[in-house]
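# Chains, contacts and geometry: an overview
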Amino acid sequence: QVQLVESGGGLVQPGGSLRLSCAASGRTISDFDMGWFRQAPGKEREFVAAIGRSGSRTIYGEFMKDRFTISRDDAKNTVYLQMNRLRPEDTATHFCAANAGDDWLPRRPYGYDYWGQGTQVTVSS
């Protein structure tokens, strides 16, 4: 078991930046591939970014690659999502997820075994 707790969300103006954190407890995140997803009201959960266990592989959603950066610090048991040039359409609850298995489907919510409760990101002037 691993517990995931997201933080760093909030209200930001368009064009601004936020850094989300996902702190893990119960197990070391070096055992997991990690991902970020987001979900806006009335919409399906959307893939944002993912990072493999070694940190050498990173994957981004279609509209995130040039604005967002995922990283991990296994020593701190934390994964980060740096979000720049935020847009109103980025408004959503953002979730951290962990995959423990060998067959990882990074872009699919069902590719993950554990989820945090989410942190709200609101982009508005």
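Residues numbered from 1 in each chain as written. Predicted model: local features only at pLDDT ≥ 70, side-chain atom pairs only at ≥ 80, totals over all residues. Heavy atoms only, no water.

### Here we look at the packing of aromatic side chains
Inspection of every chain in the model, using the stated rule, returns seven aromatic pairs. Ring geometry for Phe 37 versus Tyr 112: centroids 5.3 Å apart, planes at 80 degrees, classification edge-to-face. Pair noted here: Phe 37 is in strand 4 (residues 33-39) and Tyr 112 is in the loop between strand 9 (92-99) and strand 10 (114-115), with a separation of 75 residues, a long-range link. You can call Tyr 112 buried: its relative accessible area is 6%. Ring centres of Trp 104 and Tyr 112 lie 6.5 Å apart, and the angle between their planes is 90 degrees; on these two criteria the pair is classed as edge-to-face. Considered together, Trp 104 and Tyr 112 belong to a single accessibility category, that of buried residues. Arg 45 extends its terminal NZ or CZ atom over the ring of Phe 95, reaching a point 3.9 Å from the ring centre. Its guanidinium or amino end placed over the ring of Trp 115, Arg 45 lies 4.8 Å from that ring's centre, counting from NZ or CZ. (Phe/Tyr/Trp six-rings, centres within 6.5 Å; stacked < 30°, edge-to-face > 60°. Helix = DSSP H or I, 4+ residues; strand = E, 2+ residues; numbered from the N terminus. Buried < 20%, exposed > 50% of the residue type's maximum accessible area, 1.4 Å probe, protein only. Lys NZ or Arg CZ within 6 Å of the ring centre and 35° of its normal.)

Everything listed here is a matter of geometry and, on its own, says nothing about what the molecule does.
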